[in-house]
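Now for the letters of each chain:
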Amino acid sequence: FLDETSPATFCKMMDIPKTPENVNMGMDFSKMLFYHDTGDISPEVMDVVLYAKVLGGLKSSPETDGYKDAFYNAHMQGDQGTKGQIAEQFRYETLTEIKKHVDTFLESLEALEKKSYGKSMDEHPRLPLILRHNEFVKQTFLKVQSNLAAAGVGQMEYA
């Protein structure tokens, strides 16, 4: 069964460890979403990617030390001002991380689709359902990719 009327799909980001802090930031399959009709990115994706990937990957320096803890504490205390300020400061880096994921995932979907060519539906009876699901996900990710490009996140600049 495939519900093609679903408003969103899980963002498929599986390379972020499930720590208590990441869970507190919103790491949950039901919340880390890309929206099908609009290509919008859920706030939880933005928060978790910023916290776990961008701030977690900063090299220690007097200019960067403390951002990760400050963002986490602001999130936990409901301090939208501080949280928003840090999110805006690292918005481009966050969107770039999401774009890397989207581009790579779209390449994987294409490779999977090519593997399905010539397969027998008798031997692989679920293949049509899998391909329809993958097409739904692909269309959602393409909308996210388009939105990221419109936001000025360039193609392949991180290669």
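Heads up: these notes are all about the structure in this document. (Residues numbered from 1 in each chain as written. Predicted model: local features only at pLDDT ≥ 70, side-chain atom pairs only at ≥ 80, totals over all residues. Heavy atoms only, no water.)

1. Some points on the overall build of the protein
This is how it is decided: Counting from the N terminus, the helices are DSSP H or I runs at least four residues long and the strands are E runs at least two residues long. Burial status follows relative accessibility: with a 1.4 Å probe on protein chains alone, a residue under 20% of its type maximum counts as buried, one over 50% as exposed, and anything between as partly exposed. Residue contacts follow a heavy-atom distance rule, with two residues in contact if any of their heavy atoms lie within 4.5 Å. Asp and Glu count as negative and Lys and Arg as positive, but His and the ends of the chain are not part of the count. Every charge is mapped onto a representative atom, which is NZ of Lys, CZ of Arg, CG of Asp or CD of Glu.
Helix and strand content of the protein: six helices and two strands. Going from the N terminus to the C terminus, the protein shows its helices and strands as β-α-β-α-α-α-α-α. Viewed in the frame of its principal axes, the protein has a C-alpha envelope of about 60 × 30 × 25 Å. Within the protein, buried positions represent 36% of all 159 residues. Long-range pairs, those at least 24 residues apart, make up 69% of the contacts in the protein with a sequence separation of at least 6. Put simply, the protein has 17 plus and 24 minus side-chain charges, and the middle of one group is 5 Å from the middle of the other.

2. A look at the packing of aromatic side chains
Going by this rule: A pair of Phe, Tyr and Trp rings is counted when the ring centres sit within 6.5 Å of each other, with Trp represented by its six-membered ring. The angle between the planes then sorts it: under 30 degrees is stacked, over 60 is edge-to-face, the rest tilted. Lysine NZ or arginine CZ positioned within 6 Å of the ring centre and within 35 degrees of the ring normal marks a charge as sitting over the ring.
Counted according to the given criterion, the structure contains five aromatic pairs. Both rings, one in Phe-34 and one in Phe-141, keep their centres 5.0 Å apart while their planes meet at 75 degrees; by these two values the pair is edge-to-face. Within this pair, whereas Phe-34 is found in strand β2 (residues 33–35), its partner Phe-141 is found in helix α6 (residues 127–150), the two being separated by 107 residues in sequence. Each of the two residues, Phe-34 as well as Phe-141, counts as buried. An aromatic cluster of at least three residues, connected via ring pairs, comprises Phe-34, Phe-105 and Phe-141. The ring of Tyr-51 carries Lys-68 above its face, with NZ or CZ at 4.7 Å from the centroid.

3. Comments concerning unusual backbone geometry
The phi dihedral of Lys-12 falls on the positive side, at around 65 degrees, and the residue is not glycine. Within the secondary structure, Lys-12 sits in the loop between β1 (8–10) and α1 (20–25).

4. A few points about the nonpolar core
The condition that has to hold: Nonpolar cores were defined as sets of buried Ala, Val, Leu, Ile, Met, Phe, Trp, Tyr and Cys residues, with membership established by side-chain atoms within 4.5 Å.
Within the largest apolar cluster, 32 residues are counted, with the highest numbers of intra-cluster contacts made by Phe-34, Ile-98 and Val-102. For this core, the secondary structure elements donating two or more residues are α2 (43–54), α3 (67–77), α5 (91–116) and α6. The element contributing the most residues to this core is α2, with seven residues. Excluding residues within four positions of it along the chain, Phe-34 makes contact with Ala-8, Thr-9, Cys-11, Asp-40, Ile-41, Val-45, Ile-98, His-101, Val-102, Thr-140, Phe-141 and Val-144.

5. Looking at the side chain of Asn-22
Mapped onto the elements of the fold, Asn-22 is located in helix α1. If we skip the residues at most four places from it in the chain, Asn-22 touches Ile-16, Pro-17, Met-27, Val-48, Tyr-51 and Ala-52.

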